[in-house]
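# Overview (structure and organization)
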Amino acid sequence: MEQEALDRRVQELNKRYEGVDGQKVLRALIEDEFRGRIAVLSSFGAESVVLLDVVAEIDPSVPVIFLDTGKLFAETITYRDDVIAHLGLSDVRIVTPDPVQIEARDPEGILWYWDPDSCCALRKVEPLPSAIVEFDAVISGRKRYHGAMRSELALFEAVDGHVKTDPIASWTKEQVMARFESRRLPRHPLVAKGYPSIGCEPCTSQVAEGGDVRAGRWAGTMKTECGIHLQNGMGI
Ligand code: SF4
């Protein structure tokens, strides 16, 4: 979509759905606003199943994009398959980095250690645009209570030609936990081992009880996001 039209659409959507519950927003987006032109971006991490459950209740055939960076925990892959079966998701698309680029830029697989921004660009940001080119809108499950850059999340944003939405941005930790309970949703096995947020294995650490949810992501560095959630011309 052209930038001006996209900005107008985002403005309209933010106005129309301000204060509306995330489940109602999702239903409107999937069944009406972007019918057949919307996908979910999911890491199948610690809380991902909550958003996926709301989406699957509306329509389990909504495409779900999963970026397999080649650096994920084995537990995440197993959990992804458990969640797919549990929710009956019928269109999960596994997106991987370009092997030619991996060979050229990270042949030993240790770029994350020297230059995590370049590693995220190679393994997460660059593979995404072609995976979402057919969609007008992409859903993500970020929440404001995760803090830092996420505390000011807008419901809708215009990012690289797409509408990006975080329909459950306003959900609290209590609401997320209540959904786990009431829907008996499966937990990622690493949550019980002290990982409240789960990304790639080399860049995710355990967090002490009561610590910030995202404190274990790129711990000890200034990095807080992988790039796919930044409006920087590198994907959505
Ligand atoms: S999170 Fe770490 S391993 Fe994963 S893509 Fe980013 S830098 Fe690389």
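Our structure is the block above this text.
Residues numbered from 1 in each chain as written. Predicted model: local features only at pLDDT ≥ 70, side-chain atom pairs only at ≥ 80, totals over all residues.

### Describing unusual backbone geometry
Backbone geometry places Phe44, a non-glycine residue, at a positive phi of 50°. In this structure, Phe44 sits in the loop between strand 1 (38-41) and helix 3 (48-58). The phi dihedral of Arg184 falls on the positive side, at around 50°, and the residue is not glycine. Relative to the elements of secondary structure, Arg184 occurs in the segment after helix 9 (173-182). (Helix = DSSP H or I, 4+ residues; strand = E, 2+ residues; numbered from the N terminus.)

### Re the pairing of strand 2 (residues 64-67)
The alternating pattern of strand 2 places Val64 and Phe66 on one face and Ile65 and Leu67 on the opposite face, and all of these are buried. With two bridges connecting them, strand 1 and strand 2 associate as parallel partners. Bridging across to strand 2, Val40 finds its partner in Val64. Regarding the hand of the β-α-β motif, the stretch spanning strand 1, helix 3 and strand 2 is right-handed. Both strand 2 and strand 3 (residues 92-95) contribute to a ladder of four bridges, which runs parallel. Bridging across to strand 3, Ile65 finds its partner in Arg93. Once you follow strand 2 into helix 4 (residues 74-87) and on to strand 3, the crossover reads as right-handed. (Buried ≥ 20, exposed ≤ 12 C-beta atoms within 10 Å, placed from the backbone. Pairing = 2+ DSSP bridges. Right-handed = clockwise from strand over helix to strand, strands pointing away.)

### Remarks on the environment of Gln3
Checked against the element boundaries, Gln3 lands in helix 1 (residues 3-16). Overall, the presence of 10 C-beta atoms within 10 Å leaves Gln3 in the exposed class. Put simply, Gln3 and Val159 are 156 residues apart on the chain and 9.1 Å apart in space, counted from C-alpha to C-alpha.

### Let's talk about the sheet that holds strand 6 (residues 162-165)
In space, the six strands of this open sheet follow the order 3-2-1-4-6-5, with mixed pairing throughout. Edge positions in the sheet fall to strand 3 and strand 5 (156-159), since each of these pairs with one other strand and no more. The sheet shows a mean angle of 30° between the axes of neighbouring strands, direction not considered. (Axes fitted to C-alpha atoms, helices over the stretch in contact; angles between N-to-C directions.)

### Concerning the environment of Thr165
Along the chain, the position of Thr165 falls in strand 6. For the pair Thr165 and Gln206, spaced 41 residues apart in sequence, the C-alpha to C-alpha distance is 29 Å.

### Here's the deal with the packing of helix 2 (residues 22-33) against helix 3
Their axes nearest at 10 Å, the elements helix 2 and helix 3 cross at an angle of 50°. The angle between helix 2 and helix 3 falls in the class oblique. Crossing geometry of helix 2 relative to helix 3 is assigned as right-handed. Where helix 2 abuts helix 3, its residues Gly22, Gln23, Leu26, Arg27, Ile30 and Glu31 lie against Val54, Val55 and Ile58. When grouped by side-chain class, the residues that make up the contact of helix 2 with helix 3 number five nonpolar, two polar and two charged. (Parallel < 35°, antiparallel > 145°, perpendicular 65-115°, else oblique. Left-handed = near helix turned anticlockwise from the far one by under 90°. Contact = placed C-beta atoms within 7 Å. Nonpolar A, V, L, I, M, F, W, Y, C, P; charged D, E, K, R; others polar.)

### A short note on the pairing of strand 1
Here strand 1 shows two buried faces, one formed by Ile38 and Val40 and the other by Ala39 and Leu41. The sheet contact formed by strand 1 and strand 4 (residues 137-139) spans three bridges and is parallel. From the neighbouring strand, Ala39 faces strand 4, where its bridge partner is Val138.

### Thoughts on helix 3
With respect to burial, helix 3 is a largely interior element, eight of its 11 residues being buried. Within the span of helix 3, buried status applies to Ser48, Val49, Val50, Leu51, Leu52, Val54, Val55 and Ala56. For helix 3, the elements touching its buried residues are helix 2, strand 1, strand 2, helix 4 and helix 9.

### Focus: the site of the ligand
The environment of the ligand is made up of 13 residues, and the closest members are Pro116, Cys119, Cys120, Cys200 and Cys203. Top element by residues in the shell around the ligand is helix 7 (residues 116-125). It accounts for five residues. In the shell around the ligand, the residues fall into eight nonpolar, two polar and three charged. (Near = placed C-beta within 6 Å.)

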